[in-house]
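Coordinate inspection notes
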Amino acid sequence: MKVKAAVVKEKSAPFSVEELEIEDPRSEEVLVRLVATGLCHTDLIVQDQDYPVPLPAVLGHEGAGIVEKVGDRVTKVKPGDPVALSFLSCGTCVNCIQGKVAYCLNFYDLNFGGGRLDHSTGLHQNGKEVHSHFFGQSSFATYSLAHERNVVKVPEDVPLELMGPLGCGIQTGAGAVLNSLQVKAGKSIAVFGAGTVGISAVMAAYAAGCTTIISIDLKPERLELARELGATHTIRGDQEDAVKKIQEITGIGAHYALESTGIPKVLRQAVDCIAMTGVCGIIGAPPMGTEVSLDVNTLLFGRTVRGVIEGDSNPDIFIPQLIQLYQQGRFPIDKLMRFYPLEEINQAVEDSKQGKTVKPILQMEKR
């Protein structure tokens, strides 16, 4: 079947929207007609090969759409079901069996390998392979081949074009707060970075009852949005000493901190700003091999630093919870989003890099 897809052909090259051929779903796969897909920072660092994925490839990993066809062993969804797509896990390793699917031992091969585990791809052009199955979906396209494990059925009455980012960026920020750090009502949190992940964390902290929510960023318009969506304080990281300011606001340092920028010096600030026995979560994804220095004596006083993948989320459980919060008006994800047709993907990339758009959404069809 013919599909239209945005292809990245070489390192840092612009996306090229082209016609490809997509295979029929295998026994455990699901063919999804995509309505919309979020553009995520991870797509951009793969485009630049900071995380190497074989090229040419179709990226995209925040898809949402309608199930078109299913393999003969699929029981989770059926044709016609609205779904959001998330990351893929194997379901059989020791971590998956324990419910820690974000830490699947096969995570990298399944999500960054450029194809299925048997190295086959689901996309071709003129008989040549185009690398696929990015995060088990490659959703910068009009159709996606996903696996039964990484599709999540969503209610019929929610705006499907908003649902895709729940599968990665939004669940990462919100999950870091609610699942990973398990923040408590009445506590303080400092969130470094006010992009999709950071603002999702702010919204989750507000929903959880944190009474001091500090958003740190360089862009005043993003800080204004963070304050609108739950931040009690904002800090311009290029104009103030963030660590000193956080300590002034909280008196003892923040109970929790999240670092979502992937910048080593910002991570150092996030660790240095937490109180004794506080916890700092690392979400930001810098290039492979990036190192950071920390004062060991700071850590000795009961402070914890931990990495977070996908917000420690089990998508089948957590995405429906986030949808309920959205439906109740307690998690207004639509305020982060701006829509672009697939053909304008490079403009969406530029607007994201310039900070003009928090969460670009590529629309394949309007509903």
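Since this is a predicted model, take the numbers as computed values, not measurements. (Residues numbered from 1 in each chain as written. Predicted model: local features only at pLDDT ≥ 70, side-chain atom pairs only at ≥ 80, totals over all residues. Heavy atoms only, no water.)

**Description of the pairing of strand β12 (residues 212-217)**
With 6 of its 6 residues buried, β12 lies for the most part within the structure. Here β12 shows no split at all, with T212, I214 and I216 on one side and I213, S215 and D217 on the other all buried. Pairing of strand β11 (residues 188-192) with β12, which is carried by 5 bridges, proceeds in the parallel orientation. Counterpart to A190 in the pairing with β12 is I214. The pairing of β12 with strand β13 (residues 233-236) spans 4 bridges and is classified as parallel. If you follow I214 over to β13, its bridge partner there is H233. Handedness of the crossover joining β12 and β13 through helix α6 (residues 220-228): right-handed. (Buried < 20%, exposed > 50% of the residue type's maximum accessible area, 1.4 Å probe, protein only. Helix = DSSP H or I, 4+ residues; strand = E, 2+ residues; numbered from the N terminus. Pairing = 2+ DSSP bridges. Right-handed = clockwise from strand over helix to strand, strands pointing away.)

**Remarks on the packing of helix α4 (residues 169-180) against helix α5 (residues 196-208)**
At a minimum axis distance of 7 Å, the contact between α4 and α5 shows a crossing angle of 40°. Our classification of the angle between α4 and α5 gives oblique. Relative to α5, α4 is oriented so that their crossing is right-handed. Touching G169, I170, T172, G173, A174, V177 and L178 of α4 are T196, V197, S200, A201, A204, A205 and A208, all from α5. When grouped by side-chain class, the residues that make up the contact of α4 with α5 number 9 nonpolar, 5 polar and no charged. (Axes fitted to C-alpha atoms, helices over the stretch in contact; angles between N-to-C directions. Parallel < 35°, antiparallel > 145°, perpendicular 65-115°, else oblique. Left-handed = near helix turned anticlockwise from the far one by under 90°. Contact = heavy atoms within 4.5 Å. Nonpolar A, V, L, I, M, F, W, Y, C, P; charged D, E, K, R; others polar.)

**So, the domain arrangement of the chain**
Here the domain parsing of the chain yields domain 1 (2-167 + 332-363) and domain 2 (170-309). Look at where the C-alpha atoms of domain 1 and domain 2 centre, and you get two points 28 Å apart. Listed as interface residues are 23 residues of domain 1 and, on the opposing side, 21 residues of domain 2. Taken as a group, Y103, L336 and V358 account for 29% of the area that domain 1 buries against domain 2, more than any other trio of residues on that side. If you look at where domain 1 meets domain 2, you find 1 salt bridge. (Domains from an automatic or database assignment. Buried area = accessible area lost by both parts, 1.4 Å probe. Salt bridge = Lys/Arg side-chain N within 4 Å of Asp/Glu carboxyl O.)

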